Amino acid sequence: MVDTQDQSPFYRITDTKNPDLLHERQSATFDVEQLTQFIFGGPSGYFNINRRRQITRLAYTHPIHKTHLPLEYLDADEHYSLLIRKSFIAIKEAQRFNITDNKQLGWFLSVFSNGRFMFGLHTSMFIKTLETMASNEQKEKFLPLARSFQIIGTYVQTELGHGSNIQRLETEAIFDCTTDTFILNTPTLTATKFWPGSLGRSVNYVLLMAQLYTPDRNHPCGLQMFFVQIRDLNTHEPLPGVEVGEISTRFAHEIADNGYLRLTNVRIPRNHMLMKLAYVDEQGNFHRLGDPRLLYGAMLATRVSLCAFFSILLARAATIAIRYSAVRRQGLNPSGKETLVLDYPLQQEKLVPCIATTYAFFYSFMKLENLRVQILESDIILFEQLPELHAISSGLKAYTSTIAERFSQICRVACGGHGFLVASGIKTINNMLDAACSYEGDSVVLFQQTARYLLKVMQQADDDNDINMESSITYLFSTISAPATIVNLDDYCRLFECRSQLLLKSISNQLIESSSSTSYDKLSKNSIELVHIAKAYVETFILRAFYDGVRKAAEHQSFALVFEQLFHVFAIHTLRNQATDFIRLKLLTAEQIYQLETYTLPDLYTRLRPNLVALVDTFDFHDNELNSCLGCYDGQVYEALMERARLNPSNRYKVHPVWTSIKQNTMSKL
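Conventions adopted
- Residues numbered from 1 in each chain as written.
- Predicted model: local features only at pLDDT ≥ 70, side-chain atom pairs only at ≥ 80, totals over all residues.
- Heavy atoms only, no water.
- Helix = DSSP H or I, 4+ residues; strand = E, 2+ residues; numbered from the N terminus.
- Rg over C-alpha atoms; globule rule 2.2 N^0.38 Å.
- Areas by Shrake-Rupley, 256 points an atom, 1.4 Å probe, with all protein chains shown as cover.
- Phe/Tyr/Trp six-rings, centres within 6.5 Å; stacked < 30°, edge-to-face > 60°.
- Buried < 20%, exposed > 50% of the residue type's maximum accessible area, 1.4 Å probe, protein only.
- Lys NZ or Arg CZ within 6 Å of the ring centre and 35° of its normal.
- UniProt positions renumbered as here; feature names shortened; annotations may be inferred.
- Contact = heavy atoms within 4.5 Å.

**Some thoughts on the overall build of the protein chain**
Piece 1. Helix and strand counts for the protein chain stand at 22 helices and 13 strands.
Piece 2. For 670 residues, the compact-globule estimate of 2.2 N^0.38 gives 26 Å, and the protein chain sits close to it at 27 Å.
Piece 3. Taking the principal axes of its C-alpha atoms as reference, the protein chain extends roughly 90 × 85 × 65 Å.
Piece 4. On the protein chain, roughly 30,600 Å² of surface is accessible, and the fraction owed to carbon and sulfur atoms is 53%.

Here it is, written out as structure tokens:
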């Protein structure tokens, strides 16, 4: 890739055309680019904003982006065809620009295809699983085909009847010694593979999770992964024994090509079972190899990256809502002029916590990503720390998707009626976050996994086992009491840590004293409380991560104070939503929380008010990424809305044909 490509911000203040928005940017107390570089800059950082700018500019130079209507005006087949064409062109362009780094390649492919790269599961889970679970011989054979897109695959696990409970998957792979093949079947209706992305019409290979039986149907060997061709590489027709198609339309017609798959006596060679961690010999004997936790680590990498994705989506929603609120005027003030919507305290109450939460989410992701790299990408994989990484990533994925979805809806409402248009960009974001609460782990299920880890840690501590003093759960065993009043930022962290500690000890003791006969009954009976303690743990993790960011920002006088103010907003907003805990556990009084919510928080909104637009400009989204008439950088909101409306294909008729027919029939009867 050419390093001399433009690395500057996409826009400058002089690109602003709306006078109100220009005033907002000129009123900021810090330099936007300095804050952007502080958070997202640096070649070793995850976001590497300068390289991302290069990649984005390269992606948007291609002429195909000017050849079609906005996506909401395309019918389903047009939409799918366009995204397939864009996805293939994106692949060729990435090769032309020699973009080889996996993360940068992912950025380019996504940006080029309007965030809808049709083979995203191929470049992520399909290839990553081959890298993790295939033997060296299989890698040599399969990976070059996958990386060059000569074959295109997806990851197929979820079934019609089973999602999170993968141990009960019903798809079968029975070994046949006489032909040295596996016979694949979906023996029941509920065994139908259902939901995998890109499966419906796009891929020709799948990585299939199935129950292995060898040397015959009477000997189950557990779940294994199989490399399975489902379509002819020349004609794209489904192969014999394969029934594949797209499932019902998703909300708002978002294209992901989610599909279903049924297999009837489909045979694959024995060496098409991925064999790094286990293999079947010619006699049908099953052998385990290596450490099965390697697969565990690969799945965690995907879950961690989703936390970044959700943070980006929330940042986009906040950007659109803040910019529109800085342009929209409504209601008369005493001087007879219309009031800027962003000046209303009620609008600030909606949107300022959203901005603060977005920053907190970015820092919590970066802390989690650093932990992932430390555990999984060191010279020796730190398997003993995998449970902690699993607990944090599970909880953070569940929390960020859930909270981001709620805030994106608040952003939608904050934009009034225009926010409900697809052209606003927010409704699409809201739909994507809505789906995120379910895919790659239902939020409630993930929270329970986090809670079970915490309970296990408490049990280990009771058994006098060593606790890693650098881990995220060290505070659970601290003897430091909670602060009686909030004097500094660390006091918020201690309050949340004490809350999490007390909640966990309470439920742990409750489970010990429970009269339920089995562990299952105990956990099921207390599942609501378990989810609650998991959320408390995640909120504590996020707050500590954000606090670490605030301490680093203290070295930068221009925006250090703004960072502190954002931290205060996030901490108080989160605290007041969980006020019952802090009062019941005697960590704070009702009067203290009342003062924070009624006086401190609105005062923070007022202090942050001059910087709200600058804080979302810091995310430095290209207008094409936002795809929003309301959030465009220049502030020409109404012009953009009218231009988008005039593009609506329905307007190609001055009189719609149905009315021509009605009028003609009416006239003929006269």
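**Section: the packing of aromatic side chains**
Piece 1. For the structure on display, the rule yields 37 aromatic pairs.
Piece 2. Ring centres 5.2 Å apart and planes at 45 degrees place the aromatic pair Phe-38 and Phe-559 in the tilted group. Pair noted here: Phe-38 is in helix α2 (residues 32-40) and Phe-559 is in helix α16 (residues 557-577), with a separation of 521 residues, a long-range link.
Piece 3. Taking relative accessible area as the criterion, Phe-38 reaches 23% and is therefore assigned partly exposed.
Piece 4. The exposure class assigned to Phe-559 is buried, which follows from its relative accessible area of 1%.
Piece 5. Arranged with centres 6.1 Å apart and planes meeting at 70 degrees, the rings of Tyr-492 and Phe-567 form a pair that is edge-to-face. Taken as a pair, Tyr-492 in helix α13 (residues 489-513) and Phe-567 in helix α16 lie far apart in primary sequence, 75 residues in all. This pair shows no difference in class: Tyr-492 is buried, exactly as Phe-567 is.
Piece 6. It is Arg-52 that lies over the ring of Trp-107; its NZ or CZ is 5.1 Å from the centre.
Piece 7. Above the plane of the ring of Phe-97 lies Arg-96, whose end atom (NZ or CZ) is 4.5 Å from the centre.

**Some details on the UniProt feature "binding site: FAD" (unreviewed entry) in the protein chain**
Piece 1. Feature annotation in UniProt places "binding site: FAD" (unreviewed entry) on Thr-158 and Gly-197, given in this structure's numbering. Considering the C-alpha atoms alone, the annotated residues occupy 40 residues of sequence yet fold into one spot, their largest mutual distance being 10.7 Å.
Piece 2. Here Thr-158 lies in the loop between β1 (153-156) and β2 (172-176).
Piece 3. The contact partners of Thr-158, leaving out residues within four places of it in the chain, are Gly-163, Thr-192, Lys-193, Phe-194 and Pro-196.
Piece 4. When you line up the elements, Gly-197 lands in the loop between β4 (193-194) and β5 (205-213).
Piece 5. Exposure remark for Gly-197: the relative accessible area of 11% places this residue in the buried category.
Piece 6. Those residues within four positions of Gly-197 in sequence are excluded, and the remaining contacts are Leu-121, Thr-154, Ala-256, Asp-257 and Asn-258.

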